[in-house]
Amino acid sequence: MKKISVIDSHTGGEPTRVVIAGGPDLGPGSVADQLEVFREHHDRFRSAVVNEPRGSDVLVGALLVEPSDKSCVCGVIFFNNVGCLAMCGHGTIGLVVTLAHRGKIKPGEHKIETPVGIVTATLQESGEVSVANVPSFRKTKAATVEVPGVGKITGDVAWGGNWFFLVGEPGRELALANVEALTDLSWRIRQAVNTQGFPEVDHVELFGPPQNGGDSRNFVLCPGKAYDRSPCGTGTSAKLACLAVDGELAEGDMWIQESILGSKFTGQFRWLNRERGEVIPIITGSAHVNAEATLLLNERDPFCWGIR
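Residues numbered from 1 in each chain as written. Predicted model: local features only at pLDDT ≥ 70, side-chain atom pairs only at ≥ 80, totals over all residues. Heavy atoms only, no water.

Asks: Honestly, the environment of Gly 224 in this entry has me stumped. Any pointers?
Replies: Mapped onto the elements of the fold, Gly 224 is located in the loop between strand S13 (216–221) and helix H5 (233–245). Exposure remark for Gly 224: the relative accessible area of 14% places this residue in the buried category. Counting along the chain gives 100 residues from Gly 224 to Gln 124, while the straight-line C-alpha distance between them is 32 Å. Those residues in contact with Gly 224 that sit more than four places away from it in its chain are Asn 80, Asn 81 and Val 82. (Helix = DSSP H or I, 4+ residues; strand = E, 2+ residues; numbered from the N terminus. Buried < 20%, exposed > 50% of the residue type's maximum accessible area, 1.4 Å probe, protein only. Contact = heavy atoms within 4.5 Å.)

Asks: What is the right way to read the pattern of salt bridges from this model?
Replies: Once their charged atoms are close, side chains differing in charge can pair, the charge on each being opposite to the other. Per the stated rule, a full pass over the model turns up 15 salt bridges. Of the charged contacts in the structure, one is a salt bridge between Asp 43 and Arg 308, with a shortest N-O distance of 3.0 Å. Taken together, the residues Asp 43 in helix H2 (residues 43–50) and Arg 308 in the segment after strand S17 (287–297) connect sequence positions 265 residues apart. For Arg 217, the salt bridge goes to Glu 258, with nearest N and O atoms at 3.1 Å. In this pair, Arg 217 is assigned in strand S13 and Glu 258 in strand S14 (residues 255–258), connecting sequence segments 41 residues apart. Accessibility assignment for this pair places Arg 217 and Glu 258 in one class, buried. (Salt bridge = Lys/Arg side-chain N within 4 Å of Asp/Glu carboxyl O.)

Asks: Looking at this model, I keep getting lost on the packing of aromatic side chains. Mind explaining?
Replies: Each aromatic ring pair is characterised by the separation of its centres together with the angle its planes make. For the structure on display, the rule yields 6 aromatic pairs. With 5.7 Å between their ring centres and 85 degrees between their planes, Phe 137 and Trp 163 make a pair best called edge-to-face. One end of the pair, Phe 137, is in strand S9 (residues 137–147); the other, Trp 163, is in strand S11 (residues 163–168), with 26 residues separating them in the sequence. Its relative accessible area of 24% is what places Phe 137 among the partly exposed residues. The interplanar angle of 85 degrees and the centroid separation of 5.5 Å between the aromatic rings of Phe 269 and Trp 271 together place this pair among those described as edge-to-face. We note that Phe 269, like Trp 271, is buried. Here the aromatic cluster, defined as three or more aromatic residues joined through ring pairs, consists of Phe 38, Phe 45 and Phe 79. Positioned over the ring face of Trp 305 is Arg 44, at 3.9 Å from the centre of the ring. The ring of Tyr 227 is capped by Arg 229, whose NZ or CZ atom sits 3.8 Å from the centre of that ring. (Phe/Tyr/Trp six-rings, centres within 6.5 Å; stacked < 30°, edge-to-face > 60°. Lys NZ or Arg CZ within 6 Å of the ring centre and 35° of its normal.)

Asks: Before we go on, may I ask you to explain the environment of Val 167 in this structure?
Replies: By the secondary structure assignment, Val 167 is in strand S11. A relative accessible area of 3% places Val 167 in the buried class. Sequence spacing of Val 167 and Ala 142 is 25 residues, and the spatial spacing of their C-alpha atoms is 9.1 Å. Aside from chain neighbours lying at most four places away, what touches Val 167 is Ile 153, Thr 154, Gly 155, Ile 189, Glu 205, Leu 206 and Phe 207.

Asks: Mind showing me how you'd approach the nonpolar core here?
Replies: Inside soluble globular proteins, nonpolar side chains tend to come together where they are buried. In this structure, Phe 78, Ile 112, Val 129, Phe 165, Ile 189, Leu 206 and Phe 219 are the most contacted members of the largest nonpolar core, which totals 58 residues. It is helix H4 (residues 179–195) that contributes the most residues to this core, 6 residues altogether. If near-sequence neighbours (up to four positions away) are discounted, Ile 189 is found in contact with Val 147, Ile 153, Phe 165, Val 167, Val 204 and Leu 206. By size, the runner-up hydrophobic cluster in this structure holds 21 residues, among which are Leu 26, Ala 48, Leu 63 and Leu 297. (Core = buried A, V, L, I, M, F, W, Y, C linked by side-chain atoms within 4.5 Å.)

Below, the structure is given as structure tokens:
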């Protein structure tokens, strides 16, 4: 019987499960190196932690690992129902709140090593967390793809720690009542984008008018076909990069991004390189710890390693 200690939280409605003990030995090296070991040799561990019957399609896992940069409080590998994630904004906020819950950190700045670079998270006295994300940028403006059963869809391809196709005004209200239709549309867009020039894109982000006092509302479809309950930290980062290069948001100004649930992230950016259109996004949100648990892995259980 193998035991895995986890702490669950949610950030704006999106769950994060932090593995604090019982994870696999990934050897030395950077977090990026450890990610490759995890991906190649421990995929059933990933599935056991986040997939049914212990988890769900929406759950994001965060495996604590040893950072190669000793200025970092920890390293982390994020994963979901179908694989690993390069970075996760809501998950970083959940991780920081989890570390504070365990008494590992206090309010202030804390560096965290991710597979795509070091991010700086600031735990505020209020309990909110601000994440200075990895450099973000737009790769392609106004790319048009032909979506079967829908027609031509135009959007921006941008990096915010993950690759996104960002679509404004999708022609459907961004409301919970329309989740099935929005999921179908986003999945069709994803498949079209991947086969028509942008195979790296694994997130689709639809934007519409705000409904809860923000600047915009989004619907984000994640790689495993689950929608993000939060406003999506990496997706908001990608959006900020596009707003910056289009001159629609000034350095230091606030952008309030609503999720499909109405939860909010506040975003702003600072320029890293204007000529290349690179920004450092800063995403602020709140997370809440809601469970401490021990997962039990019994090899006699036919679904010990999750339902894939």
